[in-house]
Amino acid sequence: MKITTESIKGSKRKLLDKILKLTNEVEDAETFYDGFSGSGIVSAFMRSNGFEVFANDKMPSASLFARVFLNGFNEEIVKDEIARLNKLSGIQGWLYKNYSGMYLRQVRGQSKPQWRPRAFKDFNAMKLDAIFEDIHSMPSSNEKDALLFSAVIAMNKVFNGTNDQKSSLKEWSKASTKAVCLEIPTSISGVTGTVENCDIFESKNTTVDVVYLDPPYTTGVLYDACYHLNDSVVLWDKPPVDTSYALPRPDRVCFRKNAKCAGAFYMKDTVHDDFDNLLSQFDCKRIILSYSNGVRNAISFADLLLICQKYGKVTVYDQDHKVCMQPKLMKKRQKNLVEYFFVIDK
């Protein structure tokens, strides 16, 4: 079954079978915790394979994705509502005002301001304004979540950018010129799950069989800023935006300008304590920790290994096979990006 969800940096779609295999190795494992659920792909996959899944992410949009995958929805109701929403006439709202059409921008390397596209064609921004206004007028329900999920996915299909929302392309892409259209989300069968929307250190669902963790330890890749538009349309609080950025963004994600920290794991000064606190909070049989050898990591392979060894027996795997855990030998490995699993057995 293909699970359709938001495409984000660091997606674990290609690692799903390995995560399942490592989980199935734990005798009588029934419960699974996805601590940084992101696009929801891991939570959805594990639920579809029979596990009771507990998901958490501090981003509102990520929490929405997890709720749709773990709580389910009435497909007939959602199908009918999507047909209605797709017929709405557009309105000039928050998206139209801040993210549509062309604007003059001072481009690096150019002496004069240049006309550049924003995020959406006018007609798509207006249609999306109408759709989000309509959905947010509904009372809370699983079906409302599914419609909002569908609208976010549809929005990003016509977004004039690449795989984040920090900037737009200098020309309109072919995809951005197509009319926005909602489609029914992937429906996942299985045990109903539980979703939290909080800082990982505030999570209450810490007693499970298997814990999967993929924290944001790459400096400069601030997920709240990379996907601020997703959060804004999920919250629909229509915040004022700072237009000095390549793509306008709310003040809440102007971290560097406001001298604010984006959260745990990003800072080299505190990342060791962050991982220490993270691994110490779970009562479980096994922790599966994802790590890739990117050049901008806030923590090294060797340092992370030492921290993991404080909490149980550690085995390290990459996508295909078990790897040597001698940190000095890591320099001899391939220079391409490698995905690792630090597996900690209690």
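Residues numbered from 1 in each chain as written. Predicted model: local features only at pLDDT ≥ 70, side-chain atom pairs only at ≥ 80, totals over all residues. Heavy atoms only, no water.

## Examining the environment of Trp172
In step 1: As for its position among the elements, Trp172 is in the loop between helix H7 (142-157) and strand S5 (194-196).
In step 2: Linking Trp172 and Leu235, residues 63 residues apart in sequence, is a C-alpha distance of 27 Å.
In step 3: Apart from residues lying up to four places away in sequence, Trp172 is in contact with Gly101, Met102, Pro117, Arg118, Ala119, Phe120, Lys121, Asn160 and Thr177. (Helix = DSSP H or I, 4+ residues; strand = E, 2+ residues; numbered from the N terminus. Contact = heavy atoms within 4.5 Å.)

## Description of the packing of aromatic side chains
In step 1: Under the criterion given, the structure shown has 17 aromatic pairs.
In step 2: Seen in terms of ring centroids, Phe65 and Phe149 are 5.4 Å apart; in terms of plane orientation they differ by 80 degrees. Their pairing is edge-to-face. Here Phe149 lies in helix H7 and Phe65 lies in helix H3 (residues 60-71), a separation of 84 residues in the sequence. (Phe/Tyr/Trp six-rings, centres within 6.5 Å; stacked < 30°, edge-to-face > 60°.)

## Some words on the packing of helix H4 (residues 75-85) against H7
In a packed pair of helices, the relevant descriptors are the angle between the two axes and the axis-to-axis distance.
In step 1: Remark: H4 packs on H7, axes separated minimally by 10 Å, with the N-to-C direction vectors making an angle of 45 degrees. Taken together, H4 and H7 sit at an angle that is classed as oblique. In the packing of H4 onto H7, the handedness of the crossing is right-handed. On H7, the residues touching Ile77, Val78, Glu81, Ile82 and Leu85 of H4 are Glu143, Ala146, Leu147 and Ser150.
In step 2: Tallied by class, residues from the contact of H4 with H7 come to 6 nonpolar, 1 polar and 2 charged. (Axes fitted to C-alpha atoms, helices over the stretch in contact; angles between N-to-C directions. Parallel < 35°, antiparallel > 145°, perpendicular 65-115°, else oblique. Left-handed = near helix turned anticlockwise from the far one by under 90°. Nonpolar A, V, L, I, M, F, W, Y, C, P; charged D, E, K, R; others polar.)

## Quick notes on the sheet that holds strand S6 (residues 210-213)
The pairing of strands in a sheet happens through backbone hydrogen bonds and is either parallel or antiparallel.
In step 1: Taken in spatial order, the 7 strands line up as S5-S2-S1-S6-S9-S11-S10 in an open sheet, and their pairing is mixed. Every other strand in the sheet has two partners, leaving S5 and strand S10 (313-318) as the edge strands with one partner each. On average, each strand axis in the sheet is inclined to that of its neighbour by 15 degrees, with strand direction left out of account.
In step 2: Across 6 bridges, the pairing between S10 and strand S11 (residues 339-345) is antiparallel. (Pairing = 2+ DSSP bridges.)

## Brief notes about H7
In step 1: The first and last C-alpha atoms of H7 sit 23 Å apart over 16 residues, in line with the 22 Å expected at 1.5 Å per residue.
In step 2: Burial runs high along H7: 14 of the 16 residues are buried. (Expected span 1.5 Å × (residues − 1). Buried < 20%, exposed > 50% of the residue type's maximum accessible area, 1.4 Å probe, protein only.)

## A few points about the pairing of S11
In step 1: Summarising burial for S11: 6 of the 7 residues are buried, a large majority.
In step 2: Two strands pair when backbone bridges link them, and strand S9 (residues 286-292) and S11 are joined in this way by 7 bridges, in the antiparallel orientation. If you follow Ser292 over to S11, its bridge partner there is Glu339.

## Here's the deal with a nonpolar patch on the surface
In step 1: Taken together, the side chains of Met102, Leu104 and Trp115 present a nonpolar region at the surface, about 340 Å² in accessible area.
In step 2: Residue position: Met102 is located in strand S3 (residues 102-105). (Patch = residues over 30% accessible without salt bridge, like charges linked within 9 Å, V, L, I, M, F, W, Y side chains within 5 Å. Areas by Shrake-Rupley, 256 points an atom, 1.4 Å probe, with all protein chains shown as cover. Salt bridge = Lys/Arg side-chain N within 4 Å of Asp/Glu carboxyl O.)

## Examining the pairing of strand S2 (residues 52-56)
In step 1: Of all 5 residues that make up S2, 4 are buried, and the element is covered over most of its length.
In step 2: One ladder, built from 4 bridges, connects strand S1 (residues 31-34) with S2; its direction is parallel. Counted as the bridge partner of Thr31 is Glu52 from S2.
In step 3: With helix H2 (residues 41-48) bridging S1 and the parallel S2, this β-α-β connection has right-handed handedness.
In step 4: Alignment of S2 against S5, held across 3 bridges, turns out to be parallel. Of the residues in S5, the one forming a bridge with Phe54 is Thr194. (Right-handed = clockwise from strand over helix to strand, strands pointing away.)

## Concerning the environment of Ala151
In step 1: Mapped onto the fold, Ala151 is located in helix H7.
In step 2: Taking the C-alpha atoms as reference points, Ala151 and Ile91, 60 residues apart in sequence, are found 16 Å from one another.

## Here we look at the pattern of salt bridges
In step 1: All told, the structure shown has 15 salt bridges when counted by the stated rule.
In step 2: A salt bridge links Glu339 to Lys12, with the shortest nitrogen-to-oxygen separation between them at 3.2 Å. Within this pair, whereas Glu339 is found in strand S11, its partner Lys12 is found in the segment before helix H1 (16-24), the two being separated by 327 residues in sequence.
In step 3: For Glu339, a relative accessible area of 17% translates into the label buried.
In step 4: Where Arg67 meets Asp145, a salt bridge forms, and the shortest distance between an N and an O atom there is 2.9 Å. Of this pair, Arg67 sits in helix H3 while Asp145 sits in helix H7; the two residues are 78 residues apart in sequence, bridging distant segments of the chain.
In step 5: Residue class for Asp145 comes out buried when judged on its relative accessible area of 12%.

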